[in-house]
Amino acid sequence: MGKNRQRRNLYFYCWEREYMTAAVKSDRVSVNIKEFEYDDNIEDFTKLKNSGVEICAYLPVLWKGETSDIEEISDIVYGVYVGNAGQIMKVKKADVKMFADAYMNIYNDLTVKTSAEQGFDGAVLSYELDSENREIYEEVKKYGSCSETELEVLRYGRVPAMISEYCPLAGAEGVRGTGCGKCMEHNPVFLKDSYGDRYPVLLDDTRCTSLILSREPLNRKKSAGGLKYTDRGMERITVFDESPGFIARL
């Protein structure tokens, strides 16, 4: 890693083995906790860990413990990203780092300090902070140099536009109840608005929920530049359908 290169977290909406080359060159790889249910993925994550990459799991906002238990994967994961406050105690039972994900709405110095008091080792600054008027840059500059909390900023990628307990695919096909398995055949799907813009929708067959992503990726290179003011900075790249080569070139 170059002297001036910022530490980087590749945050995958869906893990695919084809990203191994790009992942091994990153400092951290974060995946949905559900991904640890598959033996092939465990093999990939173990290889990455042995290569010096920090492996993290993230908990979806609506996660209630339906998938892999955190303590069962604590020998692989470096840390866990928490999606809501109700998940904190579940993570504290495992011997891993705990990070406040973007859903926790960390947006200023007070919320960073509060997250540290709750036991978080790191916090992701809210995606809703406006990069164009330098909010992110100024917040990191203000408290980054004196913060003991690792600060993570979105560098590039699609972000969640809506999280729903409704499955649009099941609704469109007239399926009643849960667990129909239709999403295993078609995932992701796309929703089109009145302007003709298409939004990716990731479906979860475990909880029959859906995650609608932004129409286009955000590019916040200038905001991520504010991490130069902290020794504990991390820039995040969310990965949806970007090619491994494109990710490696960012």
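Predicted, not measured: the structure shown is a model, and the values here were computed from it. Here the residue numbering is sequential within each chain, running from 1 through the sequence in written order. Side-chain atom pairs in this predicted model are given and counted only at pLDDT of 80 or more, local residue features only at pLDDT of at least 70, and totals for whole chains, interfaces and linings cover all residues. The basis for every side-chain value is the complete set of heavy atoms in the structure, and neither hydrogens nor water enter the calculation.

A. Representation of helix H4 (residues 109-117) within the structure. When accessible area is computed with a 1.4 Å probe and restricted to protein chains, residues below 20% of their type maximum are described as buried, those above 50% as exposed, and intermediate ones as partly exposed. In this text, helices come from DSSP runs of H or I with a minimum length of four residues, and strands from runs of E with a minimum of two, each type numbered from the N-terminal end. Among all positions of H4, only Thr111, Val112 and Ser115 are buried. The buried residues of H4 occupy an angular sector of 105° when the element is viewed end-on, so they sit on one face. Structural note: H4 exposes Leu110, Lys113 and Glu117 on the side pointing more than 90 degrees away from its buried face. Backbone geometry just downstream of H4 places Gly119 in the positive-phi region, at approximately 105°. Starting at the helix axis, one direction is taken to each C-beta atom, and the arc is that of these directions.

B. Quick look at the nonpolar core. For our purposes a nonpolar core is just a set of buried Ala, Val, Leu, Ile, Met, Phe, Trp, Tyr and Cys residues, chained together by side-chain atoms within 4.5 Å. Core analysis: the largest hydrophobic core is formed by 44 residues, its most contacted members being Trp15, Val29 and Phe36. Whether two residues are in contact is decided by their heavy atoms: any pair within 4.5 Å suffices. Setting aside anything within four residues of it in sequence, one finds Phe36 in contact with Val31, Ile42, Phe45, Ile55, Cys56, Ala57, Ser68, Ile73, Ile76 and Val77. Core analysis: the next-biggest nonpolar cluster, separate from the first, contains 15 residues, Tyr58, Phe99, Leu154 and Val159 among them.

C. Quick look at the packing of aromatic side chains. Note on ring pairs: Phe, Tyr and Trp rings are taken, using the six-membered ring of Trp, and paired if centres are within 6.5 Å. Classes follow the plane angle, with under 30 degrees stacked, over 60 edge-to-face and the rest tilted. Going through the model one piece at a time under the given rule, you end up with 10 aromatic pairs. Relative to Trp15, the ring of Phe12 has its centre 4.9 Å away and its plane inclined at 85°; by these criteria the two rings are edge-to-face. The exposure classification of Phe12 matches that of Trp15, with both residues buried. Ring centres of Phe12 and Tyr19 lie 5.2 Å apart, and the angle between their planes is 65°; on these two criteria the pair is classed as edge-to-face. Across the pair, Tyr19 and Phe12 agree in class, each one buried. Ring pairs connect the aromatic residues Tyr11, Tyr13, Tyr58, Tyr78, Tyr81 and Phe99, which therefore count as one cluster. Counted as over-ring charges are cases with an Arg CZ or a Lys NZ within 6 Å of the ring centre that also lie within 35 degrees of the ring normal. The cationic tip of Arg28 hangs over the ring face of Phe99; the distance from NZ or CZ to the ring centre is 4.6 Å. The ring of Tyr81 has Arg236 lying over it, and the distance from NZ or CZ to the ring centre is 5.1 Å.

D. Quick peek at the pairing of strand S10 (residues 198-204). Counted residue by residue, S10 has 5 buried out of 7 residues, so it is predominantly covered. A pair of strands is treated as paired once DSSP finds two or more bridges between them. With 4 bridges connecting them, strand S9 (residues 189-192) and S10 associate as antiparallel partners. Bridged to Leu191 within S10 is Tyr199. Joining the antiparallel neighbours S9 and S10 is a turn of 5 residues, in which Gly196 adopts a positive phi near 90°.

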